[in-house]
Amino acid sequence: MSSLLWNIVVSTMLLQGGSQSYIAEGPAMQPNIYAEDRLTVVTATEKDIERGDIIVFQSPENEKIFVKRVVGLPGEKIKIKGDQLYINNKVIKEPYIQAAIKKAKAEGHVYNITDYNGGNKKIPQHHFFVLGDNRSNSMDSRMFGTISIQKVKGEVTAIQGRKLNSTH
């Protein structure tokens with residue numbers, strides 16, 4: 001298994017009352033989640049999940065557990081060009097990665113080096129398109145496709161005891 005894949009795996013599930021706790025590994029969600037951050041995850045239904053939410057799910061390719069951000073919802077078309085996300089051909093603002101994009105531009109490069117063009121292909125019903133916040137160092141829907149709601153373990157609601165800010 002590639003080291004990139006291992007770097008983005010989320011592991012160590014512990015049951016805690018109504019929520020689950022996971023420990024993040026690797027850089028795929030930086031600058032918002034770092035390796036060793038403890039994630040509090042609550043069960044989420046399909047109608048609970050919105051664009052910008054961070055979810056924990058089982059990989060569609062194997063048994064590994066991942067953490068990524070939902071950027072695309074059922075019925076939408078996705079395109080990623082450089083540092084810009086498009087949904088149904090409209091530019092989408094992503095406040096959670098703007099500081100990293102600005103830093104990359106100041107250093108003379110783009111933040112995201114892996115473009116994606118879904119063309120006219122819509123995200124299937126009951127599926128989500130997910131991306132790591134560290135776009136150039138993340139295995140996500142650009143590589144393994146959309147995530148079925150059946151693979152979703154839950155939504156991240158806190159990181160090491162700090163509550164997540166709403167992104168929608």
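Residues numbered from 1 in each chain as written. Predicted model: local features only at pLDDT ≥ 70, side-chain atom pairs only at ≥ 80, totals over all residues. Heavy atoms only, no water.

Give a detailed account of the packing of aromatic side chains, specifying residues and quantitative values.
The full count for this structure, using the stated rule, is four aromatic pairs. Where Phe66 meets Phe144, the ring centres are 5.7 Å apart and the plane angle is 50°; that geometry is what we call tilted. Here Phe144 lies in helix α3 (residues 141-144) and Phe66 lies in strand β5 (residues 65-72), a separation of 78 residues in the sequence. For Phe66, a relative accessible area of 0% puts it in the buried group. Looking at Phe144, the relative accessible area reads 10%, which means it is buried. The rings of Phe57, Phe66 and Phe144 are connected pair by pair, giving a single aromatic cluster. Between the NZ or CZ atom of Arg69 and the centre of the ring of Tyr96, over which it lies, the distance is 3.7 Å. The cationic tip of Lys79 hangs over the ring face of Tyr86; the distance from NZ or CZ to the ring centre is 5.6 Å. (Phe/Tyr/Trp six-rings, centres within 6.5 Å; stacked < 30°, edge-to-face > 60°. Helix = DSSP H or I, 4+ residues; strand = E, 2+ residues; numbered from the N terminus. Buried < 20%, exposed > 50% of the residue type's maximum accessible area, 1.4 Å probe, protein only. Lys NZ or Arg CZ within 6 Å of the ring centre and 35° of its normal.)

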